[in-house]
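# Descriptive structure summary
Now for the letters of each chain:
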Amino acid sequence: MNNLTACCKAMIEIMLEGDRFMELPKVKTKIGGALTVRYYCDNLSPERRKYSEVNQ
C-alpha cells in the first residue's frame, strides 16, 4: 500500500491547470487504485499553474 500511496500523491502533485481527474477513488484522500488522471501535455509552459492552486 505504501507504493500506491506514494504513486498517487506524486500523480496529484505534478498535475497542472488543464489536467483532469478521470476517475477518483471513493475516499476523500484520492489515494487508491482507481485514481486515473488525464494530463494535458500539449502545453507544458512554465506559466501553467499547479492544479492545486487553480482548484482550491
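Anyway, here's the lowdown on the structure attached to this text. (Residues numbered from 1 in each chain as written. Predicted model: local features only at pLDDT ≥ 70, side-chain atom pairs only at ≥ 80, totals over all residues. Heavy atoms only, no water.)

## Side note on the nonpolar core
Counting 8 residues, the largest nonpolar core consists of Cys8, Met11, Met15, Phe21, Ile31, Leu35, Val37 and Tyr51. Every residue in contact with Phe21, bar those within four places of it in the chain, is listed here: Ile12, Met15, Lys30, Leu35, Thr36, Val37 and Tyr51. (Core = buried A, V, L, I, M, F, W, Y, C linked by side-chain atoms within 4.5 Å. Buried < 20%, exposed > 50% of the residue type's maximum accessible area, 1.4 Å probe, protein only. Contact = heavy atoms within 4.5 Å.)

## Quick notes on the environment of Val27
Position of Val27 among the secondary structure elements: in the loop between β1 (20-23) and β2 (36-38). Since its relative accessible area comes to 43%, Val27 is described here as partly exposed. Spatially, the C-alpha atom of Val27 lies 17 Å from that of Glu13, the residues being 14 residues apart in sequence. (Helix = DSSP H or I, 4+ residues; strand = E, 2+ residues; numbered from the N terminus.)

## Quick notes on the pattern of salt bridges
Overall, the coordinates contain 3 salt bridges when judged by the stated rule. Residue Glu13 pairs with Lys50 through a salt bridge whose shortest N-O separation is 2.3 Å. In this pair, Glu13 sits in helix α1 (residues 2-13) while Lys50 sits in the loop between β2 and α2 (51-54), placing the two residues 37 residues apart along the sequence. Look at Lys50 and you get partly exposed, because its relative accessible area is 29%. (Salt bridge = Lys/Arg side-chain N within 4 Å of Asp/Glu carboxyl O.)

## Here we look at the environment of Pro46
With respect to the element layout, Pro46 can be found in the loop between β2 and α2. Classification of Pro46 by relative accessible area gives exposed; the value is 76%. For the pair formed by Pro46 and Glu23, sequence separation is 23 residues and the distance between their alpha carbons is 26 Å.

The values reported here are purely geometric and, on their own, carry no functional implication.
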